[in-house]
Amino acid sequence: MEGKQGNHGKLRVLIVNFSPVVREGLQAILAQDEGIELADHVNDGEEAVAQIGRSYRQGRPVNVVLTETRNGRMDGVQATRQIKDEFPDTAVLVLTENMNDVYVIDAIHAGAGGYIFLQEMTAPLLLQSIHRVMEGGTQMTTALLRSAVENLLQNGRKTLAERTAEAAHLTEREVDVLRLMGNGDSNGAISTTLGITMDTTKKHVRNVIDKLQARSRTHAAIIAAQAGLVGNPVFDSQSTDPMGSVPG
């Protein structure tokens, strides 16, 4: 479905099953950004999927979902997978206190565009992350996430030969796009770098994700690194952001 923004060009954000204290904090942060509108908050992943569907039918799509790894009847990873299956243009940011690599890996495989640990989150980081994932960039934070990505690269769910065979179906231009995706570049940055239109960029990005059977651009970049087609997903070591986020 088309992922257009909500009223007056604002990004509509849905919050899924955080504790009242955390939810109120998130709402207060979102209110600081005039370009963001709180779509609603729901109790679990099943309600989130239903709410996103209703929003699309009303012509007011949810652009970004904030969820935890554990949220009731459907956990955050399952919810992310279902959201991306049914509403691929809706970005998902996973926020959690759980310092467990498994959840990072599963969230990426499920299609999450970013992953932030609550104890390290600041208001500027969250707002920046929401805009970044909506623009097609990625948001990865902390040394632990770096470790998780390295682990995924070393223990991928398909062999290097299988990934290389998949990557071989990419055109030369798609390989160019994938390399920039691996840097965490947004669609706008890719369009500028390659001198192509935004529509052409989006088409190439979708083709790359489809051909690699990836669930997100983050996942596609990791698959490409597994195949040896590009280097490991880049983390901005020179960023002034102490979280070491991937540039959007």
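Residues numbered from 1 in each chain as written. Predicted model: local features only at pLDDT ≥ 70, side-chain atom pairs only at ≥ 80, totals over all residues. Heavy atoms only, no water.

### Details of the side chain of Thr67
- With respect to the element layout, Thr67 can be found in strand β3 (residues 64–67).
- Ignoring anything within four residues of it in the chain, the contact list for Thr67 reads Val16, Phe18, Gly76, Thr80, Val92, Leu93, Val94 and Leu95. (Helix = DSSP H or I, 4+ residues; strand = E, 2+ residues; numbered from the N terminus. Contact = heavy atoms within 4.5 Å.)

### Re the environment of Gly53
- Its place among the elements puts Gly53 in helix α2 (residues 45–57).
- Each C-alpha atom, one on Gly53 and one on Glu86, is 8.7 Å from the other, the two residues being 33 residues apart in sequence.

### Some details on helix α5 (residues 123–134)
- Over its 12 residues, α5 runs 17 Å from end to end, which matches the ideal 16 Å to within 8%, given 1.5 Å per residue.
- Restricting attention to buried positions, one finds in α5 the residues Ala123, Leu125, Leu126, Leu127, Ser129, Ile130, Arg132 and Val133.
- One side-chain oxygen of the residue at the start of α5 lies 3.2 Å from the amide nitrogen of Leu125, identifying that residue as Thr122. (Expected span 1.5 Å × (residues − 1). Buried < 20%, exposed > 50% of the residue type's maximum accessible area, 1.4 Å probe, protein only. Polar contact = N/O pair within 3.5 Å; in protein donor to acceptor, adjacent residues only side chain to side chain.)

### Quick notes on the nonpolar core
- The biggest cluster of nonpolar side chains holds 22 residues, and the ones touching the most others in it are Val64, Leu66, Leu95, Met121, Leu126 and Ile130.
- When residues of this core are traced back to their parent elements, those giving at least two are β1 (11–16), α1 (20–30), β3, β4 (91–96) and α5.
- It is α5 that contributes the most residues to this core, six residues altogether.
- Dropping the residues within four chain positions of it, Ile130 is found in contact with Leu11, Val13, Leu30, Ile36, Val64, Leu66 and Leu93.
- Within the second largest apolar cluster, 19 residues are counted, among which are Ala39, Ala48, Ile83 and Ala112. (Core = buried A, V, L, I, M, F, W, Y, C linked by side-chain atoms within 4.5 Å.)

### Section: the packing of aromatic side chains
- Enumeration according to the criterion identifies one aromatic pair in this entry.
- Each ring, one from Tyr56 and one from Phe87, has its centre 5.2 Å from the other, and the planes form 5°; the classification is stacked. Of the two residues, Tyr56 sits in helix α2 while Phe87 sits in the loop between α3 (76–86) and β4, which places them 31 residues apart along the sequence. (Phe/Tyr/Trp six-rings, centres within 6.5 Å; stacked < 30°, edge-to-face > 60°.)

### Considerations on the side chain of Asp44
- By the secondary structure assignment, Asp44 is in the loop between β2 (36–42) and α2.
- Asp44 gets classed as buried once you look at its relative accessible area, which sits at 5%.
- Here Glu47 takes part through its backbone nitrogen, which lies 3.0 Å from a polar atom of the side chain of Asp44.

### Observations regarding the confidence of the model for the protein chain
- The share of residues in the protein chain with pLDDT of 70 or more is 69%, and the mean pLDDT across the chain is 77.
- The lowest-confidence element of the protein chain is helix α6 (residues 142–154), averaging 57 in pLDDT; the highest-confidence one is β1, averaging 94.
- Confidence drops under a pLDDT of 50 for residues 234–248, and excluding neighbours within four residues, the segment shows 37 contacts in the predicted structure. (pLDDT = per-residue confidence, 0-100.)

### Thoughts on the pairing of β3
- Burial along β3 is two-sided: the residues Val64 and Leu66 and Val65 and Thr67 are all buried.
- In this sheet, β3 lies alongside β1 in parallel orientation, the contact comprising three bridges. Paired with Ile15 across the strands is Leu66, a residue of β3.
- One ladder, built from four bridges, connects β3 with β4; its direction is parallel. Bridge pairing in β4 links Val64 to Ala91. (Pairing = 2+ DSSP bridges.)

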